[in-house]
Amino acid sequence: MHNFFSNHWSLVIICIPDEEDESGPIILHLDSLGLHCSRSIFHNIKSLLIHEWEYLKEDNGGLDIPIPDRVWKFLPRRIDEKIIMVPRQTNDYDCGLFVLYYMERFIKEAPHRLKRQHLSMFGKNWFKPQEASSLRWKIKKILQEQFHKAPSREKGIWEPVCLSANAQADKSRDQVNIS
């Protein structure tokens, strides 16, 4: 039996505060279908951060960590968790595109060090779902440009694969021509 849940992607972003900031890291969870359990994701990421801190404390390599010791000392209580309400995908196959689009928007729009007061940048109206879905065509264009720039192979020429508009790749994919 096909398990749709195991094929779904969502995004976690860990925001590390400035050295001067008394708050701890902020863990953001962005899920275009709301399928993943944020509570277990937050638990796992918190555990990872705590173990990483313990490892770094034991390492005497003198790593420069941008979080003050007083924040790390009480890290489990200082980590903020935030489920981000984001535009929802309108189909069951664009979750990867939404994850990529969330990353692109976050990188372009978020401040260098995201703080709690910046969380208002997100929301259900952050962008239109069609914008994320149209990322497929942007990726296709980039791939086609790269294929055309690539040097020819001795035994044939690589042609880009046509990305299906409805994500039914198994049904409507052009073949790669190799002589």
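Since this is a predicted model, take the numbers as computed values, not measurements. (Residues numbered from 1 in each chain as written. Predicted model: local features only at pLDDT ≥ 70, side-chain atom pairs only at ≥ 80, totals over all residues. Heavy atoms only, no water.)

On to the overall build of the protein chain, then. Within the protein chain, the secondary structure is distributed over 6 helices and 3 strands. Listed by position from the N terminus, the elements making up the protein chain come as β-β-α-α-α-β-α-α-α. Relative to its 179 residues, the protein chain shows a buried fraction of 33%. When contacts within the protein chain are restricted to residue pairs at least 6 apart in sequence, those whose partners lie at least 24 apart make up 67%. For the protein chain, the exposed area adds up to about 12000 Å²; of that, 53% sits on carbon and sulfur atoms. (Helix = DSSP H or I, 4+ residues; strand = E, 2+ residues; numbered from the N terminus. Buried < 20%, exposed > 50% of the residue type's maximum accessible area, 1.4 Å probe, protein only. Contact = heavy atoms within 4.5 Å. Areas by Shrake-Rupley, 256 points an atom, 1.4 Å probe, with all protein chains shown as cover.)

Taken together, the side chains of Leu100, Met103 and Ile107 make up a nonpolar region of the molecular surface, amounting to roughly 280 Å² of accessible area. Tracing the chain through its elements places Leu100 in helix H4 (residues 95-109). (Patch = residues over 30% accessible without salt bridge, like charges linked within 9 Å, V, L, I, M, F, W, Y side chains within 5 Å. Salt bridge = Lys/Arg side-chain N within 4 Å of Asp/Glu carboxyl O.)

Let us look at the pairing of strand E2 (residues 26-30). In terms of burial, E2 is a largely internal element, 5 of the 5 residues being buried. Of the two faces of E2, the one carrying Ile26, Leu28 and Leu30 and the one carrying Ile27 and His29 are both buried. As judged from the 5 bridges shared by strand E1 (residues 11-15) and E2, these two strands associate in the antiparallel manner. The partner of Ile13 across the bridge, within E2, is Leu28. (Pairing = 2+ DSSP bridges.)

Turning next to the nonpolar core. The biggest cluster of nonpolar side chains holds 22 residues, and the ones touching the most others in it are Leu28, Leu30, Tyr102, Phe106 and Phe122. Of all the secondary structure elements, the ones that give two or more residues to this core are E1, E2 and H4. Take this core: its biggest share by element is 6 residues, from H4. Aside from chain neighbours lying at most four places away, what touches Leu28 is Leu11, Val12, Ile13, Cys15, Phe42, Lys82, Ile84, Phe106, Leu114, Leu119 and Phe122. In this structure, Phe42, Ile45, Trp53 and Ile79 belong to the second largest nonpolar core, which totals 9 residues. (Core = buried A, V, L, I, M, F, W, Y, C linked by side-chain atoms within 4.5 Å.)

Another aspect to go through is the sheet that holds strand E3 (residues 80-84). Strand order in the open sheet made by the 3 strands is E1-E2-E3, with mixed pairing throughout. Strand pairing shows two members of the sheet lacking a second neighbour, E1 and E3, which therefore form its edges. In this sheet, neighbouring strand axes are inclined to one another by 20 degrees on average, regardless of whether the strands run parallel or antiparallel. Here 5 bridges tie E2 to E3, and the two strands are oriented parallel to one another. Paired with Ile26 across the two strands is Asp80, which belongs to E3. Here helix H1 (residues 38-58) sits on the sheet in contact with E1, E2 and E3, set at roughly 145 degrees to E2. Against the sheet, H4 makes contact with E1 and E2, and its axis sits at roughly 25 degrees relative to E1, the strand it touches most. (Axes fitted to C-alpha atoms, helices over the stretch in contact; angles between N-to-C directions.)

A word on the pattern of salt bridges. One side chain can pair with another of opposite charge once the charged atoms of both are near each other. Per the stated rule, a full pass over the model turns up 7 salt bridges. Between Arg105 and Glu109 there is a salt bridge whose closest N-O contact spans 2.5 Å. A residue pair is termed a helical-turn pair when its members lie 3 or 4 positions apart in one helix, as Arg105 and Glu109 do in helix H4 at 4 residues. With a relative accessible area of 14%, Arg105 lands in the buried category. With relative accessibility at 37%, the residue Glu109 sits in the partly exposed group. Connected through shared salt-bridge partners, Glu104, Lys108 and Lys138 make up one network.

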